[in-house]
Amino acid sequence: MKGIFVFFVLLLCLSFNYSLSETDNSDIVNDLLEQLGAADWATRLKAQKTLEEMGAEAEPALKEALQNPDQRIRGRAEFILKLIAIEKRAEFSVSLIKKFPNLYTDLAKSDAQGRFKYLQEATACLPAVVPTQSVGTQAGDAKGVEYKFKDIATDSDIVGLIGAVLLAEPQRSPALIGGEDINGLTQGQKESILAISTGAVRADIDAKKPAWCGWPQPLPATAPYLLVFLKDEQEYLRLAAGDAIGKLNNAAVIPEVIKLLDDPDSAARCSAADLLGKLGAKEAILKLMALLKGSSEPVVLSAVTALGRLEAKGAVSKLVKLVSHPSKNVRKAAVVVMGKLGMSPDVTSGKAGGKGVIEELTRSLNDEDVSVRKAAIEALVELDAKDSVPNLINLLTDRDGGVREQAVAALAKLGGKEIVNELLKLLSDKDSRVSKKAAEIIAARADKDVIPDILKLLDAKDEQTRVLAVNMLARMDARESISQVMTLLQDVEWTVRRAAIDALVKLEARQSIPELIKLLRDKDYNTRSAAAEGLVKLGGSKEAVKELIRLLDDKDYNMQVLVVEALGNMVYPDEGRSAKEAVPKLMEVLRDKANPLRYSAVTALSRMGVREIIPELNKMLKDQNVGVRQSAVAALGRLGAKESAPEIIKLLDDKQPFLRQAAAAAMGQLGYREAIPHLVKLLEDKNNYVAGWAAVALVELGAQSQVPDVVIPQIKSLAQTGAVSPDRSVGDEDSKKRVQAVLAHLKKSE
């Protein structure tokens, strides 16, 4: 464009009778500026073109012309200055100019809105796949979505367009109207610019028709242009701009950002300090330290945070002074950063600016603000300040439960045996978080010397303390306490009785079985349930089975279900599943079509390995009750009834996902390879459990090559949910083992 500059100037100068000597250039420019206001359109146009070609040489005079009383001169001077600025910023590619032949001129003529449209068009894109979640209104990419970009611009084109869009409009500062600022951009459009600069994608919600715009990779060269957003009136946009510039990591902007630390606008100083920390600008440390004194609270906070990010160890002596700052936020920030800068020589020597860092942090333990006290605790832990243990012990009586809890955690890391007695006192703390934390730490230390003290707590007045004491004894494997724990089986509170049962199971206290049998008739359902589970886990006994059989006639339906499940899971030591005495009773239930316990009986009998029920199960495959059919399918798979496979395979297409799930699981157990094509189809089932069990079965049938990686998460979810069992029974360890074996096999074959 400028290659024929001299030629055009010569022609125009000849036409206007000008001499081109260097000494006359100023006069030439001034005359050309005068002609910008000529009455003749052709004269005005020729003068404008000449000044455009002169470019930077005419720039000083053009700026002066912005004050000219003639509106036509002011307007054209403004346009030429815009054009010169745009040409300085970018040399657009042939492909972009081909798409927009008058791009330079159009950009100069347009306001910010018009310039943004070119950027939007050059960065337009569409999702290649439908996004699973909408893109947020703030700058950022839509994870998990692929996009198709138009191939009409280069990286430098986009950088140039962003520079053009953000070009300030000389002498214009209209009042804020409708969310627009002096650049004429809406907040949404600014967010789009940040997204494009960082290689993200965003929906421009400000457009009449929402348009997707973005760029496939970050553009570090846009960082200098984005600095303008650090002074935006909207705080969230300043923060977004700081994040964007930080991600671009263009060190070239650091000098300009440092200058902003002297800006009269405190918001700009805050933004600059935050950004310098993100950019790792260690050269700004001294300037940031200067902001710690005499600045407003937001500025001090930003400076403290930045110094922490920059690991400015030399700032410790300044930070120490801030622990007495009037603002609780500043005090907290200073304490946090002092903890992070713990490797500073000032800290390790215990001195900083004549004051002890540990001493100041210890003083902050008594700060009036809860968040400051918590921050001080954390800082002392980071500094491994063992000398602060006595002060931390004092915090165990703090008025705030969160502080007490954090003090307990800190003492666990810094204290020795001397803290145990203090922690024991907290077992009756009114805040359950504190008491549980204290109990957890005591138990984790497994100090047998403390067991006598814990045993005393079994007689505590409050229910919570008794529960915690029982739990601690179980975790510490204190088998010598079994007899005392058994006394709590008669506690007035069901929570304590439940805790005692759980503890006896962990302690493998089979001597407690007779007492657990008695609890099967407890008035409280939770207690009966815990007793039944405890009997199963402890291995049961013939007496327990007899009592469970009697309870099959209990009026409480929930209790009946519980008993059936317990009988199905009952295992005698060294004998395997042995509740055979219950088979006749369970068979009665099985044949009673009016009994809702039928499907629970099916599960129990199949777990007991009673193959005599197979004919009855085959009949139940046609039962009207979906739950019964599902249990029958799962039971046939469990019993290895391969002769039933041709009927079960039909259920792989059933409308009920529960039946498809059970049928898929059964195919693997029965080794029915004819089901492989059907199982492959089920991998795409909308129900994750169905797809997961289909994948499990395929692996068990030796067809793991047909299981795509995308299904593996569905297999993993089976082991993490309560619906792991094909028949929805709770605590199905056999099903969990199947899933875990399949996952191990897939991992091994990778």
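Residues numbered from 1 in each chain as written. Predicted model: local features only at pLDDT ≥ 70, side-chain atom pairs only at ≥ 80, totals over all residues. Heavy atoms only, no water.

Draft legend 1. Main features of the overall build of the chain. For the chain, the helix and strand inventory stands at 43 helices and six strands. Looking at the 750 residues of the chain, the share that counts as buried comes to 53%. Taking as baseline every contact in the chain between residues at least 6 positions apart, the subset at least 24 positions apart corresponds to 63%. When the accessible area of the chain is evaluated, it comes to approximately 35700 Å², of which 52% is carbon and sulfur surface. (Helix = DSSP H or I, 4+ residues; strand = E, 2+ residues; numbered from the N terminus. Buried < 20%, exposed > 50% of the residue type's maximum accessible area, 1.4 Å probe, protein only. Contact = heavy atoms within 4.5 Å. Areas by Shrake-Rupley, 256 points an atom, 1.4 Å probe, with all protein chains shown as cover.)

Draft legend 2. Layout of helix α43 (residues 733-748). Between its terminal C-alpha atoms α43 stretches 22 Å, which fits the 22 Å expected from 16 residues at 1.5 Å a residue. Within α43, burial applies to Ser735, Arg738, Val739, Val742 and Leu746. The buried residues of α43 occupy an angular sector of 90° when the element is viewed end-on, so they sit on one face. Turned more than 90 degrees off the buried face of α43, the exposed positions are Lys737, Lys747 and Lys748. (Expected span 1.5 Å × (residues − 1). Arc of directions from axis to C-beta.)

Draft legend 3. The environment of Lys537, seen in detail. Take Lys537: it is sitting in helix α31 (residues 525-538). Distance in space between the C-alpha atoms of Lys537 and Ala566 is 9.6 Å, their sequence separation being 29 residues.

Draft legend 4. Seen up close, the nonpolar core. With 250 residues, the main nonpolar core has Leu51, Ile158, Leu161, Ile193 and Leu679 as its most contacted residues. Dropping the residues within four chain positions of it, Leu679 is found in contact with Leu652, Ala664, Met667, Ala694, Ala697, Leu698 and Leu701. (Core = buried A, V, L, I, M, F, W, Y, C linked by side-chain atoms within 4.5 Å.)

Draft legend 5. Fine view of the side chain of Arg404. Counting through the fold element by element, Arg404 comes out in helix α23 (residues 401-414). For Arg404, a relative accessible area of 5% translates into the label buried. Once you skip the residues sitting within four places of it in the chain, Arg404 turns out to touch Leu395, Leu396, Thr397, Asp398, Arg399, Asp429, Lys430, Asp431 and Val434.

Draft legend 6. Summary view of the pattern of salt bridges. Following the criterion strictly, the structure yields 33 salt bridges and no others. In this structure, Lys328 and Asp369 form a salt bridge, with 3.8 Å as the shortest nitrogen-oxygen distance. In this pair, Lys328 sits in helix α18 (residues 328-340) while Asp369 sits in the loop between α20 (357-364) and α21 (370-382), placing the two residues 41 residues apart along the sequence. A salt bridge links Arg598 to Asp623, with the nearest nitrogen and oxygen atoms 2.7 Å apart. You can see Arg598 sitting in helix α35 (residues 598-607) and its partner Asp623 sitting in the loop between α36 (614-620) and α37 (626-638), a full 25 residues away along the chain. Looking at Asp623, the relative accessible area reads 15%, which means it is buried. One continuous salt-bridge network, built from bridges that share partners, spans Arg331, Asp367 and Glu368. (Salt bridge = Lys/Arg side-chain N within 4 Å of Asp/Glu carboxyl O.)

Draft legend 7. Seen up close, the packing of aromatic side chains. If you walk through the whole model with that rule in mind, you get one aromatic pair. Look at Phe100 and Tyr118: their rings are 5.1 Å apart centre to centre, the planes differ by 85°, and that puts the pair in the edge-to-face class. Placement of the pair is Phe100 in the loop between α6 (94-99) and α7 (103-109) and Tyr118 in helix α8 (residues 112-122), with a sequence separation of 18 residues. A relative accessible area of 17% means that Tyr118 is categorised as buried. (Phe/Tyr/Trp six-rings, centres within 6.5 Å; stacked < 30°, edge-to-face > 60°.)

Draft legend 8. Layout of unusual backbone geometry. Here Asn249, not a glycine, exhibits a phi torsion of approximately 50°, which is positive. Summarising the element assignment, Asn249 is placed in the loop between α12 (235-248) and α13 (254-260). For Glu508, which is not glycine, the phi dihedral falls at a positive 55°. Within the element layout of this structure, Glu508 appears in the loop between α29 (494-506) and α30 (513-519).

Draft legend 9. Local environment of the packing of α37 against helix α39 (residues 657-670). At a minimum axis distance of 8 Å, the contact between α37 and α39 shows a crossing angle of 10°. When the interaxial angle is binned, α37 and α39 end up roughly parallel. In this structure, α37 uses Val626, Arg629, Gln630, Val633, Ala634, Leu636, Gly637 and Arg638 to contact α39, whose residues at the interface are Phe658, Leu659, Ala662, Ala663, Ala666, Gln669 and Leu670. Considering only residue class, the contact of α37 with α39 consists of ten nonpolar, three polar and two charged. (Axes fitted to C-alpha atoms, helices over the stretch in contact; angles between N-to-C directions. Parallel < 35°, antiparallel > 145°, perpendicular 65-115°, else oblique. Nonpolar A, V, L, I, M, F, W, Y, C, P; charged D, E, K, R; others polar.)

Draft legend 10. Structural view of the confidence of the model for the chain. Confidence in the prediction for the chain averages 82 pLDDT; 86% of positions are at 70 or higher. Every residue in residues 1-23 is under pLDDT 50, and counting partners more than four places away or in other chains gives 25 contacts. Of the regions scoring below 50 in pLDDT, residues 168-182 engages in 24 contacts with residues more than four places distant in sequence or in other chains. (pLDDT = per-residue confidence, 0-100.)

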